[in-house]
Amino acid sequence: MHFFTTFIFTILAFVSLVSTAPVLSPRDVFVPPVLKPNGHSVWKIGSSQVVTWNVTAAPKQITNTEAKVILVTKGRLDFENPLAQGINVLAGKATITVPKVTPGRDYQILVFGDSGNTGEFFEITA
Ligand SMILES: *[C@@H]1O[C@H](CO)[C@@H](O)[C@H](O)[C@H]1NC(C)=O
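Residues numbered from 1 in each chain as written. Predicted model: local features only at pLDDT ≥ 70, side-chain atom pairs only at ≥ 80, totals over all residues. Heavy atoms only, no water.

Labelled according to an unreviewed UniProt entry, the chain appears under the name Yeast cell wall synthesis Kre9/Knh1-like N-terminal domain-containing protein, originating from Hypholoma sublateritium.

And the structure:
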C-alpha cells in the first residue's frame, strides 16, 4: 500500500512539473511551405534556379528570420552544404545554383529557419 501511494505521488508531481513548463508560442515559429521546386520541376546541374516558399501565413513575430535552403537527397538533409543561407525567410524566394549530384528524381528542397518544411520530390538532370 505504501509503495502504491508513493507511486501515485510521484506521478502527480511529474504531471504538475510538465504542465507548468513554459511553452514556446507557436506564433513565433514559422515553418515555410516550399512552393517550387514541385513535382513538375526538372533542374539541370549547373543551372540557376529560384526556390520559392509561401510567406502568406508568416507570423508577425518570427524568432529566426534567417533561412537556409537545403537539398534533401532520398530523405537525407545536407546541412553541411546549404544551397543558400542568410536568406530573409520573409523574402519567399532564393536563387540557387543546382549542384553536381547524381541525376535522379529523389530530390527535395527544405527551407529551414526555426523549423522547416520539405517540398515535393523533383528531378535533377545532367
Ligand atoms: C499560401 O498560404 C496561404 C495561407 O496558408 C494559402 O491560403 C495559399 O493558398 C497558399 N498559396 C499557395 C500558392 O500555396
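Regarding the side chain of S41
Where we set the bar: Under the DSSP-based scheme used, a helix requires at least four consecutive residues in state H or I and a strand at least two consecutive residues in state E, with every element numbered from the N terminus. Here's how the labels work: a residue is buried when its accessible area is under 20% of the maximum for its type, exposed when over 50%, partly exposed in between, all with a 1.4 Å probe on protein chains only. By the criterion applied in these results, polar contacts are pairs of N or O atoms within 3.5 Å in which, for protein atoms, one can donate a hydrogen and the other can accept it, and in which residues neighboring in sequence qualify only through two side-chain atoms. Note on definitions: a residue-residue contact is assigned when non-hydrogen atoms from the two residues lie within 4.5 Å.
Structurally, S41 is set in the loop between strand 1 (34-36) and strand 2 (42-44). Take S41: its relative accessible area is 10%, and that puts it in the buried class. Polar contacts involving the side chain of S41 include one to the main-chain amide nitrogen of N38, which spans 2.9 Å. S41 has contacts with K36, F122 and E123, leaving out every residue within four places of it along the chain.

Topic: the site of the ligand
What counts here: The nearness test applies per residue and asks whether one of its heavy atoms lies within 4 Å of the molecule or strand. Surface accessibility in these figures is a Shrake-Rupley result with a 1.4 Å probe; residues are shielded only by whichever protein chains are displayed. Three classes are used: nonpolar for Ala, Val, Leu, Ile, Met, Phe, Trp, Tyr, Cys and Pro, charged for Asp, Glu, Lys and Arg, and polar for all others, with Gly counted as polar.
The local shell around the ligand consists of L35, N54, T56 and A57. A distance of 2.3 Å is found between an oxygen atom of the ligand and a side-chain nitrogen or oxygen belonging to N54. In the complex, 33% of the free accessible area of the ligand, which totals 360 Å², lies under the protein chains. Of the residues assigned to the shell around the ligand, the class counts are 2 nonpolar, 2 polar and no charged.

Remarks on unusual backbone geometry
In this structure, the amide linkage connecting K36 to the following residue, P37, adopts the cis form with an omega of 5°. Structurally, the position occupied by P37 is in the loop between strand 1 and strand 2. Positioned with a positive phi, K74 is a non-glycine residue whose angle comes to about 50°. Mapped onto the elements of the fold, K74 is located in the loop between strand 4 (66-73) and strand 5 (76-77).

A look at the nonpolar core
In plain terms, the rule: What makes a nonpolar core is a set of buried Ala, Val, Leu, Ile, Met, Phe, Trp, Tyr and Cys residues whose side-chain atoms join them at distances within 4.5 Å.
In terms of nonpolar packing, the biggest core is built from 21 residues, with W43, V51, W53, V69, I96 and I109 touching the most fellow members. Apart from the residues lying within four places of it in its own chain, the contact partners of I109 are V34, P37, W43, V51, V69, I70, L71, L83, N117, T118, G119 and F122.

Some words on the environment of P32
In this structure, P32 sits in the loop between helix 1 (2-19) and strand 1. Residue P32 is classed as buried on the basis of its relative accessible area of 0%. Every residue in contact with P32, bar those within four places of it in the chain, is listed here: W53, N54, V89, V111, S115 and N117.

Considerations on the pairing of strand 4
Heads up, the condition is: Strands pair, by our definition, only if DSSP identifies at least two bridges between them.
Where strand 4 meets strand 6 (residues 84-88), 3 bridges bridge the pair, whose relative direction is antiparallel. Pairing of E66 across the sheet is with N88, part of strand 6. In this sheet, strand 8 (residues 104-112) lies alongside strand 4 in antiparallel orientation, the contact comprising 6 bridges. Looking at strand 8, one finds that K68 is bridged to F112. The turn joining strand 4 and strand 5, which pair antiparallel and follow one another in sequence, is formed by 2 residues; a positive phi near 50° is taken by K74.

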